[in-house]
Amino acid sequence: MRLALREARKAVGLTSPNPPVGCVIVKGSKVLAGGYHRCAGGPHAEVEAMAGLKARALKGATAYVTLEPCSTHGKTPPCVDALEEAGIARVVYGSKDPNPGHNGRAGRILKRRGIKVEGGVLGESCDAVVRPWAKYISTGMPWVIAKAATSLDGRLTRPGKEGQWLSSKASRADAGKLRGEVDAILIGAATLRSDDPALTLRDRAAVRRGKGQPLRVVLSRSGRLPGKAQIFTDAHRAQTLVYRGRTLRAVLQDLALKHDCVSVMIEGGGKLLGDAFAKGLIDEACLYLVPIFCGAKGVPLVDAALPASTQLLNPSVKRVGPDLRVRGLVNRV
């Protein structure tokens with residue numbers, strides 16, 4: 001299952017509105033093949049893993065899958081049928097399908113067809129990979145990540161005219177990889193006017209795996225935005241959306257339902273992040289702590305009054321150049 005998880009992580013950010021899933025085929029003590037779901041509408045992980053194997057090798061083998069196999073027709077046939085037709089003798093999966101109508105259904109079907117089934121193996125690790133999709137499929141809302149670089153005194157900007165960048169080049173490269181996990185990047189109009197960000201994917205590994213440029217989304221009250229901004233003039237301008245006079249919740253819901261966005265990253269500014277935290281819309285935060293102080297004139301990281309303090313659960317901390325990256329799930333309780 002750990003090998004299947006390794007395959008699944010290759011799919012993160014590529015499969016919306018489908019989940020990232022990995023599969024490994026094993027016979028005896030030998031790993032025969034592995035695969036992952038590469039894109040929506042393409043073969044699922046189980047079919048991808050079995051594709052290069054001969055019928056004789058597949059017969060009697062075990063399939064390790066990070067998510068309960070699909071049991072209904074969609075853009076592709078059910079994986080339970082493909083597993084049976086291949087002669088797979090045993091299926092081991094990690095996460096249950098969060099859809100109540102599908103939860104446990106694959107296991108019941110496979111058992112009726114004489115295939116041994118075991119679920120919940122490395123379940124927590126498998127759940128973590130599909131967590132954004134699980135929220136999307138069960139609530140109709142995307143998984144929302146707050147990403148920002150902040151000074152030690154909680155500011156997003158330097159005083160005066162010291163330059164646009166707060167974080168180091170290493171942190172910006174690391175944050176660029178995070179964009180490979182999401183379907184849309186969201187900013188406020190003030191950030192567009194002051195920074196003119198490109199909001200493009202720069203992770204070459206993600207591009208090689210087939211990741212396209214995420215949607216670039218701007219929230220504006222007035223709709224008065226600089227027409228010469230990069231997001232309106234570059235090669236990816238068709239990937240830019242502007243929402244005028246809409247609430248953040250309504251925008252997120254629209255991105256999920258109309259644009260198949262499973263995950264959205266908010267990159268600022270302080271008022272937009274403040275609104276998102278105040279309304280309980282953030283699921284995860286990724287902050288780059290920069291070892292400087294910017295003082296009272298800098299823009300606050302969370303420029304809003306919160307109804308209660310917000311805690312990160314089991315955050316990971318990593319040194320990135322001179323900065324510290326802190327990433328964790330948001331506890332709204």
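Above: the structure in question.
Residues numbered from 1 in each chain as written. Predicted model: local features only at pLDDT ≥ 70, side-chain atom pairs only at ≥ 80, totals over all residues. Heavy atoms only, no water.

A. Expanded view of the layout of surface pockets. Counted as a void, the second largest pocket has a volume near 950 Å³. Lining the second largest pocket we find 38 residues, and of these V12, A128, E181, E284 and R327 sit closest to its centre. Elements represented by at least two residues in the lining of the second largest pocket include exactly helix 6 (123–139), strand 6 (143–151), helix 7 (169–178), helix 9 (204–208), strand 11 (284–290), strand 12 (311–320) and strand 13 (323–331). Element by element, the count of residues in the lining of the second largest pocket is highest for helix 6, at six residues. (1 Å grid on protein atoms, 1.4 Å probe; cavity = no way out; pocket = protein on both sides within 12 Å on 5 of 7 lines; lining within 4 Å. Points joined across faces, edges and corners; volume = space filled by probe spheres on them. Helix = DSSP H or I, 4+ residues; strand = E, 2+ residues; numbered from the N terminus.)

B. A look at the sheet that holds strand 1 (residues 22–27). If you trace the five strands from one edge of the open sheet to the other, you get 2-1-3-4-5, paired in mixed fashion. Taken across any chain shown, the strands that pair with only one partner, and hence form the sheet edges, are strand 2 (30–36) and strand 5 (116–118). Across the sheet, the mean angle separating the axes of adjacent strands is 15° when strand polarity is ignored. Strands in contact with helix 1 (residues 2–10) are strand 1, strand 2 and strand 3 (62–67); relative to strand 1, the strand with the most contacts, it is inclined by about 150°. (Pairing = 2+ DSSP bridges. Axes fitted to C-alpha atoms, helices over the stretch in contact; angles between N-to-C directions. Contact = heavy atoms within 4.5 Å.)

C. Structural context of the environment of A206. By secondary structure assignment, the location of A206 is in helix 9. Given a relative accessible area of 1%, A206 falls into the buried group. As for A206 and A173, which are separated by 33 residues in sequence, their C-alpha atoms are 13 Å apart. With residues near it in sequence (within four places) discarded, A206 still touches L14, G180, L201 and K211. (Buried < 20%, exposed > 50% of the residue type's maximum accessible area, 1.4 Å probe, protein only.)

D. A look at the pairing of strand 8 (residues 215–220). The buried count for strand 8 comes to six of six residues, which makes it a mostly enclosed element. Neither face of strand 8 is left uncovered, since the one carrying L215, V217 and L219 and the one carrying R216, V218 and S220 both have all their residues buried. Sheet topology places strand 7 (residues 184–188) next to strand 8; five bridges connect them, and they run parallel. Looking across to strand 8, one finds that L186 is bridged to V217. Here strand 8 pairs with strand 9 (residues 240–244) via five bridges, running parallel. When the sheet's bridge partners are listed, L219 is paired in strand 9 with Y243.

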